[in-house]
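Breakdown of the fold
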Amino acid sequence: MKISRIEVGEVHIPLVTPFKTALRTVDSVNDLVVRVTADDGRTGFGEAPPTAVITGDTLGSVRCAIEDFIAPSILGMDIENLDGVMEKLHGCILKNTSAKAAVDMAVYDLYAQSCGKPLYQVLGGRRAQIETDLTISVNPVEEMAADSIKAVAQGFHILKIKVGKEGREDVRRIQAIREAVGPAVRLRVDANQGWSAKEAVRIIRSLEDKGLDIDLVEQPVKAHDFAGMQYVTANVATPVLADESVFSTEDAIRLIQGQAADLINIKLMKTGGIHEALKICAVAETYGVECMIGCMLESKIAVSAAAHLAAGKGIITRADLDGPSLCSMDPYEGGPSYEGPHIRMNKTPGIGIVSAPCFTS
């Protein structure tokens, strides 16, 4: 099975409500979709969002990287030579991790199809279903509490609370949400790099003193602030999750060896796809550090690829894959099923996506 064609299209999906973090506000998913076609007619799909504030990638840069660098490098290669394809894909251009991820997942989709198995089984087959949290965007306190109550009514048992814009006011946000949803709901806090190290320690200790029972705090300080991550991790009891600080295997090793995080958040758009994400999983397994699988503002294609990785690997114990739940519609056919917090893997070969509206044939 050889790669005969690589196409790029665009998808535009309005969100149910605006997505607000300490870094940005977004009203819709505007992503690039990749279709890789093999010489036997089978197709694999991938997706990349333009998340310039995190990965540096834009729609234009992703398209250019795929069409001018990645596609010419791997066209004609045999899918069954997966390592060879990945070596070419990741070696043909530096950085551009979102572009690499989109093509990477499409190639893995085809590879699993050639094996006649769902992708999660090819990746280890640890479980056939995973549970995701749901993001609560940063807003006025009363609105966030109301949004949290609504999410619990929809069946979500884990909420990820966006904070990081107003320092100590974040404590009031989280306390109001805990009072609104009760003690049984797990709360994760994501500062999106919004605090200084000392501020993070003060805020997290306040949450602990109030007995708010926080599952984890994600990326409390700037991505490059390694010393800050060390300081926060050493001075709070709540587990600290590294997100924007981890793009590569080298990043993961440095954070783990330096005790700068308790958990690692893997996102395909940061790693450049499944191939490199598997290396981070291997490092985490070696050190006994659990991982979360996360996503950017992605629709069903990219989230499904990440879900298959999470279902395949036991070291991934938490999921933040609510992208499809944030979208107002699902324009794709096939793939895993998304039923509230539950993501059930498809039984069909590959990732399972069979069509995308940006490709007419």
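Throughout what follows, the structure given in this document is the object of discussion. Just so you know, these numbers come straight off a predicted model, no measurement behind them. (Residues numbered from 1 in each chain as written. Predicted model: local features only at pLDDT ≥ 70, side-chain atom pairs only at ≥ 80, totals over all residues. Heavy atoms only, no water.)

1. Looking at the sheet that holds strand S3 (residues 43–48)
Where we set the bar: Two strands qualify as a pair provided that DSSP identifies no fewer than 2 bridges between them. Runs of H or I in DSSP of at least four residues are treated as helices and runs of E of at least two as strands, each being numbered from the N terminus. Angles here are taken between N-to-C directions and fall from 0 to 180 degrees, while the axes themselves are lines fitted to C-alpha atoms, restricted in helices to the stretch in contact. Contacts between residues were defined by any pair of non-hydrogen atoms, one from each residue, lying within 4.5 Å.
Strand order across the open sheet formed by three strands is S1-S2-S3, with antiparallel pairing between neighbours. Strands at the two margins of the open sheet, each flanked by one partner only, are strand S1 (3–20) and S3. For this sheet, the mean angle separating the axes of adjacent strands, direction not counted, is 25°. Its contacts with the sheet place helix H12 (residues 300–312) against strand S2 (25–38) and S3, and it is angled at close to 105° to S3.

2. Examining the environment of Gln113
Going by this rule: Burial here depends on accessible area, computed with a 1.4 Å probe over protein chains only, as a share of the maximum for the residue type. Under 20% is buried, over 50% is exposed, and the range in between is partly exposed.
Inspection of the secondary structure assignment puts Gln113 in helix H3 (residues 97–115). Gln113 gets classed as buried once you look at its relative accessible area, which sits at 14%. Taking C-alpha positions, Gln113 is 32 Å from Gly56, a pair spaced 57 residues apart along the chain. Apart from the residues lying within four places of it in its own chain, the contact partners of Gln113 are Arg42, Thr43, Gly44, Pro349 and Gly350.

3. Comments concerning empty space enclosed by the protein
Over the atoms rolls a probe the size of a water molecule, and in doing so it shows where empty space is left. In plain terms, the rule: Buried and open spaces are told apart on a 1 Å grid over the protein atoms alone, a cavity being a set of points where a 1.4 Å probe fits but cannot get out and a pocket being an open set with protein on both sides within 12 Å along at least five of seven lines. Residues with an atom within 4 Å of a point are the lining residues. Grid points are joined across faces, edges and corners, and a volume is the space filled by probe spheres set on the points. Three classes are used, and their members are as follows: Ala, Val, Leu, Ile, Met, Phe, Trp, Tyr, Cys and Pro are nonpolar, Asp, Glu, Lys and Arg are charged, and the others, Gly among them, are polar.
Evaluation of the coordinates by the stated rule reveals one cavity of 30 Å³ or more. Counted as a void, the largest cavity has a volume near 170 Å³. Its residues assigned to classes, the lining of the largest cavity shows seven nonpolar, three polar and nine charged.

4. Structural notes on the nonpolar core
As a reminder of what qualifies: Residues enter a nonpolar core if they are buried and are Ala, Val, Leu, Ile, Met, Phe, Trp, Tyr or Cys, with the set joined through side-chain atoms within 4.5 Å.
Ile66, Ile74, Met105, Leu159 and Leu321 are the most contacted members of the largest nonpolar core, which totals 122 residues. A total of 10 residues in this core trace back to one element, the largest contributor, which is H3. Leave out the neighbours within four places in its chain, and Leu321 touches Ile130, Thr132, Asp133, Ile293, Gly294, Cys295, Val303, Ala306, Ala307 and Ile343.

5. Digging into the pairing of S1
For S1 and S2, the ladder comprises 13 bridges, and the chain directions are antiparallel. Along S2, the bridge assignment pairs Val11 with Asp31.

6. Some remarks on the sheet that holds strand S15 (residues 342–344)
Taken in spatial order, the three strands line up as S4-S15-S14 in an open sheet, and their pairing is antiparallel. Edge positions in the sheet fall to strand S4 (129–131) and strand S14 (337–339), since each of these pairs with one other strand and no more. Strand-to-strand twist of the sheet, defined as the mean angle between neighbouring strand axes without regard to direction, takes the value 20°. Two strands pair when backbone bridges link them, and S4 and S15 are joined in this way by three bridges, in the antiparallel orientation. In the strand pairing of S15, Gln129 is matched with Arg344.

7. Focus: the pairing of strand S6 (residues 158–162)
Threshold: Looking down the strands as they point away from the viewer, one classifies a crossover as right-handed if the path from the first strand across the helix to the second runs clockwise.
Counting buried residues in S6 gives five out of five residues, a clear majority hidden from the surface. One ladder, built from three bridges, connects strand S5 (residues 134–136) with S6; its direction is parallel. Paired with Ile136 across the strands is Ile161, a residue of S6. One crossover worth recording links S5 to the parallel S6 by way of helix H5 (residues 141–153), and it is right-handed. As judged from the five bridges shared by S6 and strand S7 (residues 186–190), these two strands associate in the parallel manner. Directly across from Leu159, in S7, lies its bridge partner Leu187. Between S6 and its parallel partner S7, the chain crosses via helix H6 (residues 169–181), and the hand of that crossover is right-handed.

8. Observations concerning a positive patch on the surface
How we decide: Residues forming no salt bridge and having over 30% relative accessible area are the ones grouped into patches, like charges within 9 Å of each other and nonpolar side chains (Val, Leu, Ile, Met, Phe, Trp, Tyr) within 5 Å. Exposure was quantified through the Shrake-Rupley algorithm and a 1.4 Å probe, taking into account, for residues, occlusion by the shown protein chains and nothing else. Salt bridge, as used here: a side-chain nitrogen of Lys or Arg that lies within 4 Å of a carboxyl oxygen of Asp or Glu. His is not counted, nor are the chain ends; Lys and Arg add positive charge and Asp and Glu add negative charge. For the purpose of locating charges, the reference atoms are NZ of Lys, CZ of Arg, CG of Asp and CD of Glu.
Taken together, the side chains of Arg168, Lys198, Arg202 and Lys210 make up a positively charged region of the molecular surface. Following the sequence through the fold, Lys198 ends up in helix H7 (residues 197–209).

9. Quick word on the pattern of salt bridges
Here the structure, examined in full by the defined rule, presents 22 salt bridges. Residue Arg186 pairs with Asp215 through a salt bridge whose shortest N-O separation is 3.4 Å. Of this pair, Arg186 sits in strand S7 while Asp215 is found in strand S8 (residues 214–218), placing the two residues 29 residues apart along the sequence. For Asp215, a relative accessible area of 17% puts it in the buried group. The partner of Glu339 in a salt bridge is Arg344, with the nearest N and O atoms 2.3 Å apart. Owing to a relative accessible area of 30%, Arg344 belongs among the partly exposed residues under this scheme. Sharing partners across several salt bridges, the network here consists of Asp133, Arg186, Arg188, Asp215, Glu290 and Arg318.

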